[in-house]
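Chains, contacts and geometry: an overview
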Amino acid sequence: MCDVCGCGTGPKATRLAVELHSSLLAGNDETASHLRAHFEAAGLSTVNLMGSPGAGKTALLEATARALGGTRRLAAVSGDLATENDAQRLRRAGIPSLAITTGTGCHLDAAMVHDALHAPALAVALEGAAFFFVENVGNLVCPALFDLGQAANVVVLSVTEGVDKPEKYPVMFRHADLVVLSKADLLPHLPEVSVAAVEASLAKVAPRTRVLPLSARTGEGVGEFVAWLDALHARTEAKSAGVPARFVSHTHPG
Amino acid sequence: MHEVSLVESLLDQLDGLRDRTAGRPTATAVCLVRVRVGAGSGVEPTLFRTAYEACRGAREYTAAKLELVLEPERWVCPLCQSSVGAEGPLDCADCDAARVLRAGAGIFLDRVEMEVPDV
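Residues numbered from 1 in each chain as written. Chains lettered and ligands numbered in written order. Predicted model: local features only at pLDDT ≥ 70, side-chain atom pairs only at ≥ 80, totals over all residues. Heavy atoms only, no water.

**With respect to unusual backbone geometry**
Keep in mind that most residues, glycine aside, have a negative phi and that most peptide bonds are trans. Going from Gly88(B) to Pro89(B), the amide bond is cis rather than trans, its omega being 0 degrees. We note that His21(A) has phi near 60 degrees; this positive angle belongs to a residue other than glycine. Topologically, His21(A) is positioned in strand E1 (residues 13-23). Residue class for His21(A) comes out partly exposed when judged on its relative accessible area of 46%. Backbone geometry places Thr83(A), a non-glycine residue, at a positive phi of 75 degrees. Inspection of the secondary structure assignment puts Thr83(A) in the loop between strand E3 (74-80) and helix H3 (85-92). Here Thr83(A) falls in the partly exposed class, since its relative accessible area comes to 43%. (Helix = DSSP H or I, 4+ residues; strand = E, 2+ residues; numbered from the N terminus. Buried < 20%, exposed > 50% of the residue type's maximum accessible area, 1.4 Å probe, protein only.)

**Quick word on the packing of helix H2 (residues 57-68) of chain A against H3(A)**
When two helices pack together, their arrangement is given by the angle between the helix axes and the distance between those axes. Residue and element names in this part refer to chain A. Relative to each other, H2 and H3 sit at 10 degrees, their axes nearing to 9 Å. One finds that H2 runs roughly parallel with respect to H3. Residues Thr58, Ala59, Leu61 and Glu62 of H2 form the contact with H3, whose own contacting residues are Asp86, Arg89 and Leu90. For the contact of H2 with H3, a count of residues per class yields 3 nonpolar, 1 polar and 3 charged. (Axes fitted to C-alpha atoms, helices over the stretch in contact; angles between N-to-C directions. Parallel < 35°, antiparallel > 145°, perpendicular 65-115°, else oblique. Contact = heavy atoms within 4.5 Å. Nonpolar A, V, L, I, M, F, W, Y, C, P; charged D, E, K, R; others polar.)

**Quick notes on the interface of chain A and chain B**
Taken together, the contact pairs 26 residues of chain A with 39 residues of chain B. Taken together, the two surfaces of chain A and chain B that pack against each other cover about 2800 Å², and 56% of this comes from carbon and sulfur. The largest share of the area that chain A buries against chain B comes from Leu16(A), Leu24(A) and Arg208(A), three residues that together contribute 26% of it. On the surface where chain A and chain B come into contact, there are 5 salt bridges. (Buried area = accessible area lost by both parts, 1.4 Å probe. Salt bridge = Lys/Arg side-chain N within 4 Å of Asp/Glu carboxyl O.)

**Details of the pairing of E3(A)**
Residue and element names in this part refer to chain A. Of all 7 residues in E3, 6 are buried, a share of seventy percent or more. Direction of pairing for E3 relative to strand E5 (residues 131-135): parallel, over a ladder of 5 bridges. Counted as the bridge partner of Leu74 is Phe131 from E5. Sheet topology note: the E3/strand E4 (residues 97-101) ladder contains 5 bridges and is parallel. What sits directly across from Gly79, in E4, is Ile100. As a crossover connection, the stretch from E3 through H3 into E4 is right-handed. (Pairing = 2+ DSSP bridges. Right-handed = clockwise from strand over helix to strand, strands pointing away.)

**Topic: the side chain of Asn48(A)**
Residue and element names in this part refer to chain A. Looking at the element boundaries, Asn48 is found in strand E2 (residues 45-51). The exposure class assigned to Asn48 is buried, which follows from its relative accessible area of 1%. Engagement of the side chain of Asn48 in a polar contact is seen with the side chain of Asn136, the distance being 3.2 Å. Look past the residues within four positions of Asn48 in its chain and what remains in contact with it is Val134, Asn136, Leu148, Gln150, Ala152, Asn153 and Val154. (Polar contact = N/O pair within 3.5 Å; in protein donor to acceptor, adjacent residues only side chain to side chain.)

**Here's the deal with the nonpolar core**
Proteins that are soluble and globular tend to have nonpolar side chains buried together. Residues Phe173(A), Leu10(B), Leu14(B), Val33(B), Val35(B), Phe48(B) and Leu109(B) are the most contacted members of the largest nonpolar core, which totals 51 residues. Here this core gets 6 residues from one element, more than from any other, and that element is helix H1 (residues 2-17) of chain B. Once residues lying within four places of it in the same chain are set aside, the contact partners of Val35(B) are Leu24(A), Leu10(B), Phe48(B), Leu66(B), Glu67(B), Leu68(B), Val69(B), Ile107(B), Phe108(B) and Leu109(B). Core analysis: the next-biggest nonpolar cluster, separate from the first, contains 28 residues, Ala130(A), Val222(A), Trp228(A) and Leu232(A) among them. (Core = buried A, V, L, I, M, F, W, Y, C linked by side-chain atoms within 4.5 Å.)

So, in structure tokens, the structure goes:
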């Protein structure tokens, strides 16, 4: 209708309804499926590592690299709002790594990981790698929503964060395949914190998920974490049986 | 906050819909947007609406009213199909199996109403 004088003349219009029921995460999920297909074809076990800032995600990867002693090839991306500090730490630990700086973004999405994988340095590092770690932005809320094509989610919760975090952040902990209770060497100094209390809180939101106490400082639990990774990798290799274990470089139109 | 990312995705989907008018001319306006938010989706409806109000002007969807429909969680045992809400228990004691979140886990664009010029 006329929107100048309100006279009611001019072109008429009809209201048209469209029913969709389409996920608002459909675009991200499509890119994540693309990533997962590449990871599985390459026999690459991808782990999405999530947790609060300071929970000990980077320290866990450093300890893992030390424990493996070069027996498996590793690569990583590290998400932070700013700086390359964590990626530099991982590189010093022998893990080829790239920083993804998100600016104001509170999580990584599949497109960010995909773009990072096309960086030449990371593409070379992934050739023949067994594990690719995505160290997500420190945050117990947003990262849980975004599929990155990973084979498994690991949530790192440090002993000083409070035993009821699983109940307070149920969406994050429901997505966990493993909860690493980090900084376990501090437990003797925290009488109000126990592994059993964390397990009880987790049982209310994710009854079947395991809690693994671990100290990157003393090495407690690191061997069990490596065993968990090896079991994950055995499942990945079974999926990619018969396919040459190499990350397939490719280009995209546009 | 991830609600901004989801609103951007919503607006991208709306951009792609304006030509889906069953042979009619391109829509001149989007009047109504209905989004279903799962209680277990990790999306806070109030923050989603705030993000929508902040972002829609830049995409010329200022006339589009946002309707949010909340979907409760429904956890279903994969063996006996018994279901419970968010209060649980999330394990089915009869089957010794973990219930699966079958409803209330996602966020969906359910319905769009557009104004299309008559030919």
